[in-house]
Number of protein chains: 2
Amino acid sequence: MTPEAKPSAAGEDARVARTRADVARAALEVLTQEDWDAVTHARVAEKAGYSKTTLYAHWPLKVDLVAMALDAIGELPHHDRTEDLRTDLVAELMLFRTAVKDMRLDRILLAMAQTASVEQMARVREDFNRRGQGFVRARLAEVFDGAQLEAAVSMISGVVACPTIMFGELPDDDVIAAAVDIVLASR
Amino acid sequence: MTPEAKPSAAGEDARVARTRADVARAALEVLTQEDWDAVTHARVAEKAGYSKTTLYAHWPLKVDLVAMALDAIGELPHHDRTEDLRTDLVAELMLFRTAVKDMRLDRILLAMAQTASVEQMARVREDFNRRGQGFVRARLAEVFDGAQLEAAVSMISGVVACPTIMFGELPDDDVIAAAVDIVLASR
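Residues numbered from 1 in each chain as written. Chains lettered and ligands numbered in written order. Predicted model: local features only at pLDDT ≥ 70, side-chain atom pairs only at ≥ 80, totals over all residues. Heavy atoms only, no water.

1. Examining the relation of the copies chain B and chain A
So, step 1. For the pair chain B and chain A, the relating rotation is 180°, the translation along its axis is 0.0 Å, and the fit reaches an RMSD of 0.0 Å. A rotation of that kind, with that shift, is consistent with a two-fold axis.
So, step 2. Most of the interface of chain B is mirrored in chain A: 100% of its interface residues are interface residues there too. (Least-squares fit on C-alpha atoms with pLDDT ≥ 70 in both. Contact = heavy atoms within 4.5 Å.)

Shown next, in the form of structure tokens:
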């Protein structure tokens, strides 16, 4: 393994690791600037400046391209923790809402949904989940556990994610605040 | 307009109305038994027993086929109303969960998500929404209003819809019950 090779690309040489990074970035651009249907080997190859043959050789399936795109997102923006749980949850949901709009996280969520039943995506999904819901889950785990915690995490995430993916709409500030108040009132 | 023509197909003759019904049913079958990517003019035409040319002539876009598929779902199963709000919400969410599994409502939700920003789908989306969330919204409107009502509807729907579309997983009975209890505790 050369020094340039990423840990995630164990066994690949540096050239493949560079190609992987370029293709992953291009796949993410196509997915967020265009849409799910646009993520084809031809389109991603064109964007990345490689041949279709190269892409097919390393990543034969569409889901391979999508998995790389999701990995290429990196860390999501998070709110800095304060002492006030309500403040933190409201601020975190507003950041999530902004990310949906600015980073086109709606198209990312949709790609996750499209591949929800694909076993190969399990690691990518868990990883994205950790990056996306980690802050909310950690904060809610201070006051809930078990089924209540699972329900609270789904509900809090759902107040932004559901209208986004179902209706292409984002919740108002007062709907976000109401959702946090509903969950916290049940403590 | 002949007596056979559906009110929804005003101006179309009976033959087109029949073709529409056949194609809509075929599109729904392809969407639920296969998936979003399978909904092509070629596949739906083959399933419905018409030529691709006929399909393209009447419904030139993929979104036309998807809109017809969503209309073809008809009424969704709902719980019979009792006097107890908690019982009704828990039972309704369990029916929703069953429909995700048996009717492959997950693939329907995904098709909704794929077309969330398509203006042409607005009517279909609202209609599906009414059929899907109508019962929960009406029951919650007895105890909430304004932003609280919107948040409660998103959160209650989200506890089933979110894990389904994001992770291909359905919530346990105790997570559903916990979600209903969280929402009702805030009254």
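That covers the picture; the talk isn't over yet.
2. Section: the nonpolar core
So, step 1. Membership of the largest hydrophobic core comes to 131 residues, with the highest contact counts inside it found for Val44(A), Leu70(A), Leu140(A), Val44(B), Leu70(B) and Leu140(B).
So, step 2. Excluding its chain neighbours within four sequence positions, the residues that come into contact with Leu70(B) are Leu31(B), Ile108(B), Ala111(B), Met112(B), Met121(B), Val124(B) and Arg131(B). (Core = buried A, V, L, I, M, F, W, Y, C linked by side-chain atoms within 4.5 Å. Buried < 20%, exposed > 50% of the residue type's maximum accessible area, 1.4 Å probe, protein only.)

3. A closer look at the environment of Leu76(B)
All names here are of chain B.
So, step 1. The residue leucine 76 is located in the loop between α4 (62-71) and α5 (85-102) in this model.
So, step 2. Residue leucine 76 is classed as buried on the basis of its relative accessible area of 11%.
So, step 3. Not counting the four nearest positions on each side in its chain, leucine 76 is found in contact with Met103, Leu105, Phe128, Arg131 and Gly132. (Helix = DSSP H or I, 4+ residues; strand = E, 2+ residues; numbered from the N terminus.)

4. Thoughts on helix α6 (residues 105-114) of chain B
So, step 1. Of all the 10 residues making up α6(B), 9 are buried; the element is thus mostly covered by neighbouring parts of the structure.
So, step 2. Turning to α6(B), its buried residues number three or more, namely Leu105(B), Asp106(B), Ile108(B), Leu109(B), Leu110(B), Ala111(B), Met112(B), Ala113(B) and Gln114(B).

5. Some thoughts on the pattern of salt bridges
So, step 1. Scanning all chains against the criterion turns up 28 salt bridges over all chains.
So, step 2. We note a salt bridge from Asp106(A) to Arg104(A), for which the minimum N-O separation is 2.8 Å.
So, step 3. Taking the relative accessible area as the measure of exposure, Asp106(A) reaches 18% and is therefore buried.
So, step 4. For Arg104(A), a relative accessible area of 29% translates into the label partly exposed.
So, step 5. For Glu29(B), the salt bridge is made with Lys47(B), and the minimal N-O distance between the two is 3.9 Å. One end of the pair, Glu29(B), is in helix α1 (residues 14-33); the other, Lys47(B), is in helix α2 (residues 41-48), and 18 residues separate them in sequence.
So, step 6. Each of Arg81(A), Asp88(A), Arg139(A) and Glu142(A) takes part in a single network of salt bridges with overlapping partners. (Salt bridge = Lys/Arg side-chain N within 4 Å of Asp/Glu carboxyl O.)

6. Some details on the side chain of Thr32(A)
So, step 1. Position of Thr32(A) among the secondary structure elements: in helix α1 (residues 14-33).
So, step 2. Ignoring anything within four residues of it in the chain, the contact list for Thr32(A) reads Met103(A), Arg104(A), Arg107(A) and Ile108(A).

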